[in-house]
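Okay, here's what each chain looks like letter by letter:
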Amino acid sequence: MSYADEYRSKLTSPEDAVKIVKNGDWVELGTAMGHSYALDKALANRKDELKDIKIRSTLSLKEHEIWKQDPNGETFTFNSWYFGGTDRKNHDKGLVNCIPMLFRNEPLLYRKCLYNEVDVAMIRVTSMNKHGYFNFHCAVAATAAQCEMAKKIIVEVNPKLPWAMGGSEECIHISKVDFIVEAESPVETLAPAIPTEVEKKIAQFVVDEIVDGSCIQLGIGGMPNTVGTLLAESDLKDLGCQTEMMVDAYYHLYMAGKLTNKFKGIDKGKSTYTFSMGSPFLYEWIDNNPGLAAYASNYINNPYNIAMNDNMVSINNCLEVDLFGQVSSESSGTRQISGTGGQLDFATGAFMSRGGKSILCCRSSYIDKQGVLQSRIIPTLSTGSIVTVPRSQTHIIVTEYGKADLAGRSTWERTERLISIAHPDKRDELIKEAETMNIWRKTNKRV
Ligand SMILES: CC(=O)SCCNC(=O)CCNC(=O)[C@H](O)C(C)(C)COP(=O)(O)OP(=O)(O)OC[C@H]1O[C@@H](n2cnc3c(N)ncnc32)[C@H](O)[C@@H]1OP(=O)(O)O
Ligand SMILES: CCCC(=O)O
């Protein structure tokens, strides 16, 4: 049978495809732009006839129909490896549960622990090519592992999605697929946030840490993109890219002639990543471009692979840092904001790299709901806050007041350095707390 014949034989309606989901099943939705639309709707429509359907997903970009049609979570129990904004909102309503993970482990978790617990994978893919492959486009991540472990696979085809060249694990062959549905669906975009003056100051401190030939990882959120934009305007040259998330900033670096990947120690000449989100021009750039290579997250986020690049610099955002140097980037107290994602993977790998640096950016303060200035550098993490980077792996923290290099530093040295980059109105208060915590010595200096 030709691939075209096989395609026709597996092509069905979303309603018929989701009939394979049965009571008690685990259903896999994939990551971000890999989330389906028509299948989501067809499954949600079965809410009253199904029982106890467990969902796994990573980083939602939309309001799933499952949430809309089952607002009390009677049929569907939704679990997420990493929260986007809509996951966060629905978690606040009690509809989403967090599954802790390091992103480098997500494929391994399926292959090693969950191999018997993926009943149906419903994944959005590109059109099939002449060799019978569908591509995972902007959502390579752990998708191949999820499909490999799934008892049944349904793909939802959207021909407008870009074809991401590999790497590895970026495609699925039609022979592995059980059902194909075709559906109109949006190609989601991510508009770059307009940087604030504070973010511009932080970004400048970060850019000052980067040398010609550095390999750059830009994390999720507004700040890393601001750094990328400044880098594109800098005099730096021959930068490289090994990053979890491919974003607009890399396109700008490429167009500015700065992204050559010439000095990468692995995948020389190629920009490597595991998922992407950005503007339409980013997807145009990704589409069938052999200058980029998408790999599964266990390869991109593997600290050994990261460390093969000399002068690897990882740049991520965090929410709170305590005076011991513990970093929380994913929760505010017990409120889950996002997830560990790849932050610890890149913090570890970048530090292992010769000349490498792991940088965590943090605005020094915020104004709370009562209008009061609160420090993000705090004596101890808020009760319930989850540690994303342990103090033993924290390297450089940057605020708009400067940089604090904590690696190899004792508690009193960390305290001094962190307080020196805290908001000036909060420094005396922090010193008092540090004294009671026995981590401020008489010789410590107030900057
Ligand atoms: C992707 C890669 O390449 S690799 C590794 C990168 N991955 C990571 O770093 C994972 C952890 N990091 C993150 O998730 C993000 O960087 C964050 C959450 C730290 C910052 O992301 P941003 O998008 O810049 O943050 P933003 O300012 O929009 O805030 C996100 C949410 O956190 C809330 N928040 C931010 N700071 C605080 C705080 N101090 N206290 C309470 N809530 C806070 C915001 O209110 C917002 O919630 P809302 O949408 O309900 O209003
Ligand atoms: C899906 C993981 C995203 C992140 O690491 O930020």
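Calculation notes
- Residues numbered from 1 in each chain as written.
- Chains lettered and ligands numbered in written order.
- Predicted model: local features only at pLDDT ≥ 70, side-chain atom pairs only at ≥ 80, totals over all residues.
- Heavy atoms only, no water.
- Near = heavy atom within 4 Å.
- Polar contact = N/O pair within 3.5 Å; in protein donor to acceptor, adjacent residues only side chain to side chain.
- Nonpolar A, V, L, I, M, F, W, Y, C, P; charged D, E, K, R; others polar.
- Pairing = 2+ DSSP bridges.
- Helix = DSSP H or I, 4+ residues; strand = E, 2+ residues; numbered from the N terminus.
- Axes fitted to C-alpha atoms, helices over the stretch in contact; angles between N-to-C directions.
- UniProt positions renumbered as here; feature names shortened; annotations may be inferred.
- Parallel < 35°, antiparallel > 145°, perpendicular 65-115°, else oblique.
- Left-handed = near helix turned anticlockwise from the far one by under 90°.
- Contact = heavy atoms within 4.5 Å.
- Domains from an automatic or database assignment.
- Buried area = accessible area lost by both parts, 1.4 Å probe.
- Salt bridge = Lys/Arg side-chain N within 4 Å of Asp/Glu carboxyl O.
- Buried < 20%, exposed > 50% of the residue type's maximum accessible area, 1.4 Å probe, protein only.

Asks: How do you make sense of the site of ligand 1 when you look at a structure like this?
Replies: By nearness alone, 26 residues border ligand 1, and Tyr82, Arg88, Glu244, Ser338 and Gln343 come closest of all. In this structure, Gly222 approaches ligand 1 through a main-chain N or O atom, which is 3.4 Å from an oxygen atom. Contact between ligand 1 and Gln343: an oxygen atom at 2.6 Å from a side-chain N or O atom of the residue. The class makeup of the residues in the shell around ligand 1 is seven nonpolar, 14 polar and five charged.

Asks: What is the right way to read the sheet that holds strand S1 (residues 26-31) from this model?
Replies: Working definition: the strands of a sheet are paired by backbone hydrogen bonds and lie parallel or antiparallel to each other. A sheet is described by the order of its strands in space; here seven strands give the open sequence S4-S3-S2-S1-S5-S7-S9, paired in parallel fashion. In this open sheet, the two strands that pair with only one neighbour each are strand S4 (96-98) and strand S9 (179-182). Taken pair by pair, the neighbouring strands of this sheet meet at an average axis angle of 25 degrees, ignoring direction. Relative to strand S2 (residues 53-58), S1 runs parallel, the two being bridged by four bridges. Bridged to Thr31 within S2 is Thr58.

Asks: Please clarify how the UniProt feature "domain: Acetyl-CoA hydrolase/transferase C-terminal" (unreviewed entry) in the chain should be interpreted in this entry.
Replies: The UniProt entry lists residues 278-434 under the feature "domain: Acetyl-CoA hydrolase/transferase C-terminal" (unreviewed entry), expressed in the numbering used here. In this annotation, residues 278-434 is assigned 28% helix and 25% strand; the end-to-end C-alpha distance for the span is 42 Å.

Asks: Looking at this model, I keep getting lost on the packing of helix H15 (residues 411-420) against helix H16 (residues 427-436). Mind explaining?
Replies: Packed helices, taken two at a time, are described by their axes: the angle between them and the distance between them. Following both chains from N to C, one finds H15 and H16 inclined at 165 degrees, their axes separated by 10 Å at the closest point. Classified by the angle between their axes, H15 and H16 sit roughly antiparallel to one another. Pair H15 / H16 crosses with right-handed handedness. Between H15, through Thr415, Ile419 and Ser420, and H16, the contact on the second element is made entirely by Arg427, Leu430, Ile431 and Ala434.

Asks: Where do I start with the domain arrangement of the chain in this structure?
Replies: Quite often, the size of an interface is put as the accessible area lost when its parts meet. Split into domains, the chain comes out as domain 1 (3-182) and domain 2 (197-436). Spacing between the C-alpha centres of domain 1 and domain 2 amounts to 29 Å. With 30 residues of domain 1 at the interface, the matching set in domain 2 holds 33 residues. Summing both partners gives a buried area of about 2700 Å² for domain 1 against domain 2, and 61% of it is carried by carbon and sulfur. Summed over the three residues of domain 1 that lose the most area to domain 2, namely Phe103, Arg104 and Met165, the buried surface amounts to 25% of that side. The interface formed by domain 1 and domain 2 includes two salt bridges. Connecting domain 1 to domain 2 are 15 residue pairs in polar contact (both at pLDDT 80 or more). Of the residues in the side of domain 1 that touches domain 2, the class split is 19 nonpolar, four polar and seven charged.

Asks: Explain the pattern of salt bridges here, please?
Replies: Side chains that carry opposite charge are capable of pairing whenever their charged atoms lie near each other. For the structure shown, the criterion picks out 29 salt bridges. One salt bridge in this structure joins Glu6 and Lys10, with 3.0 Å as the shortest N-O distance. Placement of both Glu6 and Lys10 in helix H1 (residues 3-10) is noted, with a separation of four residues, approximately one turn of the helix. For the pair Glu6 and Lys10, one class covers both residues: buried. Here Glu199 makes a salt bridge to Arg363, at a shortest N to O gap of 3.6 Å. Here Glu199, found in helix H8 (residues 197-207), pairs with Arg363, found in the loop between strand S21 (357-361) and strand S22 (365-367); they are 164 residues apart in sequence, far enough to count as distant.

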